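Commentary on secondary and tertiary structure
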Amino acid sequence: MGGLQKKKYERGSATNYITRNRARKKLMLSLPDFRRLCILKGIYPHEPKHKKKVNKGSTAPRTFYLLKDIRFLLHEPIVSKFREYKIFVRKLRRAYGKTEWSAVERLKENKPAYKLDHIVKERYPTFIDALRDIDDALCMGFLFSTFARTGKCHVQTIQLCRRLTVEWMNYVIASRALRKVFLSIKGIYYQAEVMGQLITWLVPYQFSHDHPTDVDYRVMATFTELYTTLLGFVNFRLYQSLNLVYPPKLDSKAESELKEDDEEDYAMNSESYTEKLSALSSSLARVVSSVEEEDAKLDEFPDEGEDMEKMEAREKEQKQLETQKKIFEGLKFFINREVPRESLAFVIRCFGGQVSWDKSVCIGSTYDVTDETITHQIVDRPNVDKQYMNRYYIQPQWVYDCVNAKIRLPVEDYFLGVNLPPHLSPFVEEKEGDYVPPEKLKIMALQRGEKLAQQDEEEEEEEEEEEDENEEEEDDEEEAEEKNLKKMEEQRSQGKSLQVKVTPGKVKVENPARLEQEEKAEEKRLAIMMMKKKEKYLYDKIMFGKKRKVREVNKLAAKRKAHDDAEKAKKKKARK
Amino acid sequence: MAARRRLKRVAASQSGFLSFKSPSDPTSSVGSRRKRVNKNKKKNWNKYSDVNDVDEFLEDVRHQERTTGGLLSEKADDSLFFLDLGQPEKPQPLAETPQADEGRKRKGKASRPLRIDLILKPDSLVPPPKDILAYQQPNAKKLRRIAEKAERLAAKGVVPRKQKRLLNRRPIDRTVKKAVAEANNNPDRDYYDIWGQEPKVSADPWYLQQTGKKLVKRPEKLNEKPSVLPAVEVIAPGGSYNPDFFSHQALLQEAHQVEVQKKKQEDKLERQLAINKEDKATEETNLREQVEGLVEEENDDEELAPSKEDDEAALAAIAVTQKKSEKQIKKEKAEKLKEQQRLTSRRQTERQQQLFQLRSIKASIRQQEEKTKSKQMQRRIKQEAQKAQPRRLGKLKFQAPDLDVQLSDELAGSLRQLKPEGSILKDRFKSFQKRNLIEPRERAKFKRKLKVKYVEKRAFREIT
């Protein structure tokens, strides 16, 4: 009998956690410094499973960290830098108080500073790790670069953010990596594909800042501090991968073109180069001046285990991507002054278009309004005084919609003063049987290469729309009567492209296909008959869900039609 | 010293100078009786010797020196007297002076001393004493000797040690400054290929580890993200600047739901905090409260009576427990034993019967297992869902930000007229909180250390 009495809270989860205050004391740091250290090192608070055990019987809400994490922090060299900085501030304050200006000078000269390079290396052991986490860095970079330099954060930080984001945009342009753009009420969402990683970021509209008071700027600045370091290294690597010079240099040809007499009007001499870079209007210099895009084809390994179908699908995708990358190639844009210049220049250049703007808007314009070779002028006002015959006057949404649709959309819907079609989100991916807005259906039809008769008259178009809708309805009816299993089979075999109409050209091939289909359907019916009770139950459930979805879709479509009709009636009335 | 010596000499040469001892003053000897004082004390000498005449004499000498620059008696006759030749001819010097004056005025009005300077100028003719120390060099002799020695050595070609040391010192390269630590947010900082090559470690790993120069390896577990949510959550399609009608409606619906939920919560709280009508004071209850204890109640006696009965019953119970006969005890024991036997036999039969219930037992076990499995499944699903949820990391719970929505009439027709909604900074901040990267916090409130004391000013008080 006997032995030592076990004390409470000396083993188990109570010893695995540490409260924030104790951790802070253990590291001998002030709370802001501790917070900064945790953010930089990527150590986050942890919610224990059994709070009462960890909190020694108390249920008061507290912030806990894992003890091992804090022990890991003890080895960080930056901790000593933080302490040094604290002493530095104290000395500086004293010197100021005593008005010892020479001491102030001396102290400021020896201000302790630290680098985060080793932390970046430690947190992101490989380049791909860093790329996966670059979303946040980009968001913060773009956000901070739009801040006014009024002392909410260091001016230097803003400048650094601006530099890095410009570098990033230049890289995306050079690699033509942009995939999607979405103009939302918050800001502009971009998505790019870099080295196989999908990277999304959010850019605020210009001059849209009010500074919210419930945001901890110190925390945000700390995040930015880490992310600028990360973004810089990632940029370097990306530039290297494209054989571009880092830090970016303008192409020698472009540089000579951009040379102007009145550069001082835009910026100081020291800044004019970076300003030119940020104008995004010219290409960058390469390490080895390569001969225009060597066509590197994917090596084909036909005898591998993969199916030919998959291979073909991939090839098709590749082809589509290639065409998407070149949708603006050969076009010459001119951006009017009322349009967001940077975003449009970025997007247009990403897809191979040439772009320019008025000289008074920004540095780096390459041609004038009067240039006869301009094909598109982007205008966002009701009318333009002097119009040129040989160019389209379009609204900015056309550019973004083209990018999202991956084809050059007809310009008629986007002419000056025309009521724009809705700007759909490219980030929504409709699943089978979901409701698809008719505008998207139209775009999908265009993507497949079906030509809609392009006539200038609006009514024609309306009719077309109606046609579209009719087809859609037909589809719906078909789906509604799909109690027979054949339909299901079709769905499975054809995959996504169900909702869209079947082209009349296929009728000839139908007979053998139909036979095959029937055979398959028969097989399926038999399979269903052979199902166990349990499986059958599950199957029925799935089918029921699908039908319900179809019903909902039908309802939405009907609603939409009613809405459209009402709109049309209104329009007609207005016309009368 | 010199001055005193001169004074002595002067005094000796003066005929009027009287020695100390001589009873010179007839007035003092006549006027009062001489007081006898011991002259062997310095104090008495100081006190009782009359020095007026000496003082007078010295004062006179000083006066002479001041005014004439020496003693009159020593001056040559030429300097004291002059030959009176009568009135000089006035016009001639007058005629001369205006010209000269004019010329002087022209040339150097500035050179003429100011009157104030003249006033302040010392009028004594005694030259100021020389400061001898100013011309003296301390340790002159020693220094001279050292210099001589150095000269001698230099002639021999021997370099002194100090100079030799200076010559031998390694020249400091002033151009190479100590590497100034560059700030992290320097906009012109340079980057390099951090993932390219591993830096070579030349030193002994043991040494590095012991001296704390080696970086500790980061645990793998720290690279896991605390939440599965993506960094950038794209706004719903209804948040487009020019949205599709239905998706916009859907977004509005969602925002509406959130608001309704909030309202519900508020209403619930209000309901719970509302006053119960029965608890309100009425006239009747007030009266009853005031009268309580004053009006005698009559059922006091009745209450007392039954309490007596209770006591009796309790006593009886105690008596009964004491009165248990041996027979009774035996009987109880036997009954207990019997009961136990009955139970054991029953258990035995039951167990035997279970042999035939094997199927149903198996079924029940299977059922139980299934139940646990489904529970496990549900728990796992719940855990997965939890991963996307913000955790409770501090005092405050995560508050989801308001949905950014523009009403149908707020929607802009074109990109130019678009009015951005919400703040991206806040959106990012909330995203960090939602992904459990930072704990939700409230802004620290300003705390006043000392209490503010309000005093009504007199002027103000007079008015009110």
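Residues numbered from 1 in each chain as written. Chains lettered and ligands numbered in written order. Predicted model: local features only at pLDDT ≥ 70, side-chain atom pairs only at ≥ 80, totals over all residues. Heavy atoms only, no water.

**Observations concerning the overall build of chain B**
Rule in force here: Strands here mean DSSP runs of E at least two residues long; helices mean DSSP runs of H or I at least four residues long; both are numbered from the N terminus. Between buried and exposed lies partly exposed: a residue is buried under 20% and exposed over 50% of the maximum accessible area for its type, with that area taken using a 1.4 Å probe on protein chains only. Whether two residues are in contact is decided by their heavy atoms, any of which lying within 4.5 Å being enough. Exposure was quantified through the Shrake-Rupley algorithm and a 1.4 Å probe, taking into account, for residues, occlusion by the shown protein chains and nothing else.
Along chain B, the regular secondary structure elements total 18 helices and 0 strands. Counting every position in chain B, which comprises 464 residues, the buried fraction comes to 14%. Sequence separation of 24 or more characterises 66% of the internal contacts of chain B that already satisfy a separation of 6 or more. Within the structure as shown, chain B displays about 43200 Å² of accessible surface, and the carbon and sulfur contribution to it stands at 53%.

**Some words on the overall build of chain A**
In terms of helices and strands, chain A carries 22 helices and 9 strands. Expressed as a percentage of the 576 residues in chain A, the buried residues total 46%. The long-range share in chain A, meaning contacts at least 24 apart out of those at least 6 apart in sequence, stands at 64%. When the accessible area of chain A is evaluated, it comes to approximately 33200 Å², of which 51% is carbon and sulfur surface.

**Describing helix H6 (residues 77–97) of chain A**
Residues and elements named next belong to chain A. Note the threshold: Each residue after the first adds 1.5 Å to the expected span of a helix.
In a regular helix each residue adds 1.5 Å, so 21 residues correspond to 30 Å; H6 covers 31 Å between its end C-alpha atoms and thus fits that length. For H6, the set of buried residues is Ile 78, Val 79, Phe 82, Phe 88, Leu 92 and Ala 95. A positive backbone phi angle near 50 degrees is found at Thr 99, which sits one or two residues after H6.

**Regarding the nonpolar core**
Residues and elements named next belong to chain A. We apply this condition: The definition of a nonpolar core used throughout is a set of buried Ala, Val, Leu, Ile, Met, Phe, Trp, Tyr and Cys residues joined through side-chain atoms within 4.5 Å.
Core analysis: the largest hydrophobic core is formed by 132 residues, its most contacted members being Leu 178, Trp 201, Phe 346 and Trp 398. In terms of residue count, helix H12 (residues 217–241) provides more of this core than any other element does, 13 residues in total. Counting residues in each nonpolar core, the second largest holds 6 residues, with Ala 95, Ala 103, Val 104 and Leu 107 among its members.

**Here's the deal with the sheet that holds strand S6 (residues 332–335) of chain A**
All names here are of chain A. This is how it is decided: By definition, two strands form a pair when at least two bridges between them are found by DSSP. Axis lines are fitted through C-alpha atoms, for helices just across the contact stretch, and the angle between N-to-C directions can take any value from 0 to 180 degrees.
What the 4 strands build is an open sheet, ordered S7-S6-S8-S9; its pairing is parallel. Each edge of the open sheet is held by one strand with a lone partner, namely strand S7 (354–357) and strand S9 (392–394). Strand-to-strand twist across the sheet, computed as the mean angle between neighbouring axes with direction ignored, equals 25 degrees. Sheet analysis places S6 next to strand S8 (residues 376–378), joined by 3 bridges and oriented parallel.

**Considering helix H15 (residues 308–325) of chain A**
Residues and elements named next belong to chain A. Our working definition: Working note: the arc is built from the helix axis to C-beta atom directions.
With 18 residues, H15 ought to run about 26 Å at 1.5 Å a step, and its terminal C-alpha atoms sit 26 Å apart, in line with that. Among the residues of H15, those classed as buried are Met 311, Gln 324 and Lys 325. Projection of H15 onto a plane perpendicular to its axis shows the buried side chains occupying an angular sector of 145 degrees, all on one side. Structural note: H15 exposes Met 308, Glu 309, Lys 316 and Lys 319 on the side pointing more than 90 degrees away from its buried face. For H15, the elements touching its buried residues are strand S3 (178–183), helix H16 (341–350) and helix H17 (397–405).

**Some words on the interface of chain B and chain A**
Where we set the bar: In what follows, salt bridge is the name for a side-chain nitrogen of Lys or Arg lying within 4 Å of a carboxyl oxygen of Asp or Glu. The term polar contact refers here to a pair of N or O atoms within 3.5 Å; inside protein, the definition further demands a hydrogen-donor-capable atom paired with an acceptor-capable atom, and it admits residues adjacent in sequence only when both atoms are side-chain atoms. Side-chain classes are defined by residue name, with Ala, Val, Leu, Ile, Met, Phe, Trp, Tyr, Cys and Pro counting as nonpolar, Asp, Glu, Lys and Arg as charged, and the others, Gly among them, as polar.
Between chain B and chain A, the contact holds 71 residues from the first and 108 residues from the second. Where chain B touches chain A, the interface holds 14 salt bridges. A:Glu122 is the salt-bridge partner of B:Arg218, the closest N and O atoms lying 3.3 Å from each other. Across the chain B-chain A interface, the total number found is 34 residue pairs in polar contact (both at pLDDT 80 or more). Ranked by residues supplied to the side of chain B that touches chain A, first place goes to helix H17 (residues 424–434) of chain B with 7 residues. The residue inventory of the side of chain B that touches chain A, partitioned by class, reads 34 nonpolar, 14 polar and 23 charged.

**A closer look at the packing of helix H10 (residues 134–145) of chain A against helix H11 (residues 155–175) of chain A**
All names here are of chain A. Applicable threshold: Any angle from 65 to 115 degrees is called roughly perpendicular, while one under 35 is roughly parallel, one over 145 is roughly antiparallel, and all others are oblique. Definitions for this section: a left-handed crossing has its near helix turned counterclockwise from the far helix by less than a right angle. A right-handed crossing has that turn clockwise.
At a minimum axis separation of 8 Å, H10 and H11 run at an interaxial angle of 125 degrees. Looking at the two axes, H10 sits oblique to H11. For H10 against H11, the interelement crossing comes out left-handed. Here Leu 138, Gly 141, Phe 142, Phe 144 and Ser 145 of H10 come into contact with H11, specifically with Thr 157, Ile 158, Cys 161, Arg 162, Thr 165, Trp 168 and Met 169. Of the residues belonging to the contact of H10 with H11, the class tally is 7 nonpolar, 4 polar and 1 charged.

**Re the sheet that holds S3(A)**
Backbone hydrogen bonds hold the strands of a sheet together, and the pairing may be parallel or antiparallel. Residue and element names in this part refer to chain A. In spatial order, the strands read S3-S4-S5; together these 3 strands make up an open sheet with antiparallel pairing. Of all the strands in the sheet, just S3 and strand S5 (197–204) have a single pairing partner and so form its edges. Between one strand and the next, the sheet's axes are offset by a mean angle of 15 degrees, whatever the strand orientation. Looking at chain direction, S3 and strand S4 (residues 187–194) are connected through 5 bridges and run antiparallel. In the sheet register, Lys 180 faces S4, and the bridge partner there is Gln 191.

**Comments concerning the pattern of salt bridges**
For the structure on display, the rule yields 41 salt bridges over all chains. Its salt-bridge partner being A:Arg35, residue B:Glu439 comes within 3.7 Å of it at the nearest N-O pair. Taken together, the residues B:Glu439 in the loop between H17 and helix H18 (458–463) and A:Arg35 in helix H3 (residues 31–41) connect one chain to another. Each member of the pair, B:Glu439 as well as A:Arg35, carries the same accessibility label: buried.

**Topic: the confidence of the model for chain B**
Residues and elements named next belong to chain B. Counted only if it meets this: Known as pLDDT, the predictor's confidence for each residue is given on a scale from 0 to 100.
The pLDDT averaged across chain B works out to 82; a share of 80% of its residues lies at or above 70. Summarising per-element confidence for chain B, the mean pLDDT is lowest in helix H2 (residues 26–31) (48) and highest in helix H15 (residues 326–354) (95). Across residues 16–20 the pLDDT falls below 50, and counting only partners more than four positions away or on other chains, this stretch makes 5 contacts in the model. Low pLDDT, under 50, characterises residues 22–30; the predicted model gives this stretch 2 contacts beyond four residues in sequence or across chains. With pTM at 0.67, the complex prediction returns an ipTM value of 0.78.

**Topic: a positive patch on the surface**
Here is the rule we go by: Residues enter a patch when their relative accessible area is above 30% and they make no salt bridge; the linking distance is 9 Å between like charges and 5 Å between nonpolar side chains (Val, Leu, Ile, Met, Phe, Trp, Tyr). Counted as positive: Lys and Arg. Counted as negative: Asp and Glu. His and the chain ends are not counted at all. Positions of charges follow a simple convention, taking NZ of Lys, CZ of Arg, CG of Asp or CD of Glu.
Among the surface-exposed residues, A:Arg22, A:Lys26, A:Lys56, A:Lys68, A:Arg71 and B:Lys221 lie close enough to one another that they form a single positively charged patch. Those elements that provide at least two residues to the positive patch are helix H2 (20–27) and helix H5 (67–73) of chain A.

**Structural notes on the packing of aromatic side chains**
To be explicit about the condition: Note on aromatic pairs: the rings of Phe, Tyr and Trp (six-membered ring only in Trp) are paired at centre separations within 6.5 Å, and the planes decide the class, stacked below 30 degrees, edge-to-face beyond 60, tilted for the rest. Cation placement over rings: the criterion is NZ of Lys or CZ of Arg within 6 Å of the ring centroid and within 35° of the ring normal.
One pass over the full model with this rule turns up 28 aromatic pairs over all chains. A centroid spacing of 5.7 Å and a plane angle of 85 degrees characterise the contact between A:Trp168 and A:Trp201, whose relative ring orientation is edge-to-face. On the criterion of sequence distance, the pair formed by A:Trp168 in helix H11 and A:Trp201 in strand S5 is long-range, its members being 33 residues apart. Residue classification places A:Trp201 among the buried residues on the basis of a relative accessible area of 0%. Site record: aromatic cluster; members linked through ring pairs are A:Phe142, A:Trp168, A:Tyr171, A:Tyr190, A:Trp201, A:Phe236, A:Tyr239, A:Tyr246 and A:Phe346. Across from the ring centre of A:Tyr388, 4.1 Å away, lies the NZ or CZ of A:Arg391, which sits over that ring. Its guanidinium or amino end placed over the ring of B:Trp45, B:Lys39 lies 5.6 Å from that ring's centre, counting from NZ or CZ.

**Some remarks on unusual backbone geometry**
Across residues other than glycine, the phi torsion is negative in most instances, and most of the peptide bonds are trans. Residues and elements named next belong to chain A. In this model, Tyr 246 is joined to Pro 247 through a cis peptide bond whose omega is -10 degrees. In this structure, Tyr 9 takes a positive phi of about 60 degrees despite not being glycine. Along the chain, Tyr 9 falls in the segment before helix H1 (13–16). A residue is classified by how much of its surface remains accessible, and Tyr 9, at 28% relative accessible area, is partly exposed. A positive phi angle, near 50 degrees, is found at Met 195, a position not held by glycine. Residue position: Met 195 is located in the loop between S4 and S5.

**Focus on the packing of H16(A) against H17(A)**
All names here are of chain A. For the pair H16 and H17, the least separation of the axes is 10 Å and the interaxial angle reads 35 degrees. Here H16 and H17 pass one another in a crossing that is left-handed. Counting all contacts with H16, which are made through Ser 343, Leu 344, Val 347 and Ile 348, the residues of H17 involved are Val 399, Tyr 400 and Val 403. Here the contact of H16 with H17 is built from residues that sort into 6 nonpolar, 1 polar and no charged.

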